[in-house]
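Listed below, chain by chain, are the residues.
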Amino acid sequence: MADDIKTLSDLQSAVGSDSAETETLAPAEPVRDSLGRSYATGKRKDAVARVWVKPGSGKMTVNGKDYEAYFARPVLQMILRQPFQIAGVEGEFDVMATVKGGGLSGQAGAVRHGISKALQLYEPSLRGALKAAGFLTRDSRVVERKKFGKRKARRSFQFSKR
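Calculation notes
- Residues numbered from 1 in each chain as written.
- Predicted model: local features only at pLDDT ≥ 70, side-chain atom pairs only at ≥ 80, totals over all residues.
- Heavy atoms only, no water.
- Core = buried A, V, L, I, M, F, W, Y, C linked by side-chain atoms within 4.5 Å.
- Buried < 20%, exposed > 50% of the residue type's maximum accessible area, 1.4 Å probe, protein only.
- Helix = DSSP H or I, 4+ residues; strand = E, 2+ residues; numbered from the N terminus.
- Contact = heavy atoms within 4.5 Å.
- Pairing = 2+ DSSP bridges.

Visitor: Can you help me understand the nonpolar core in this one?
Guide: Nonpolar side chains in soluble globular proteins tend to be buried together. If you look at the biggest cluster of nonpolar residues, it comprises 31 residues, and the most contacted ones within it are Leu 80, Phe 84, Ile 115 and Leu 119. For this core, the secondary-structure elements that each account for two or more residues are strand E2 (47-55), strand E3 (60-62), helix H2 (67-70), helix H3 (74-87), strand E5 (93-100) and helix H4 (104-122). Here this core gets seven residues from one element, more than from any other, and that element is H4. When neighbours within four sequence positions are excluded, Leu 119 is seen to be in contact with Val 53, Pro 83, Phe 84, Val 89, Phe 93, Leu 126 and Leu 130.

In structure tokens, the structure reads:
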């Protein structure tokens, strides 16, 4: 068989006869549940957020509270609004999130990650903008563990000459 194929056209004709149908990438289908929502899990540091996104008026609830009450700092509120601003769909989706673990900063990052993933599942055309902004990538930085013989992860005990 190897002696018969000497050029690329010979190879193409040999392979083309087996698989005449070449697959083209079809646009991704939206992933929605029976209630018309998309679900995603977001993670950051030790926080894990479960996020549901559905069309609505822009209402965001986190653990049963309004997001402005749960995340009192304006910086954390801004983090939650970022995916909508980047995608250009501010005020078009309602968000319901439950978040556990970590502190407020990690929780805000986890909810942002979850919102971004859920938006991309609900409307696949938004993927490019969200990916370019880096919102679909899980931030893998976590706290380094404490080592034995050290005061913290890297900090040594104070050296005493005498």
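Read on, since the account is not over.
Visitor: Please explain the pairing of E2 as it appears in this structure.
Guide: Side-chain direction in a regular strand flips from residue to residue, so the side chains alternate between the two faces of the sheet. Bridge count between strand E1 (residues 38-44) and E2: seven bridges; the pairing is antiparallel. Note that in E2 the partner of Arg 44 across the bridge is Ala 47. Here E1 folds back onto E2, and the loop between the two strands holds two residues, one of which, Lys 45, carries a positive phi near 50°.

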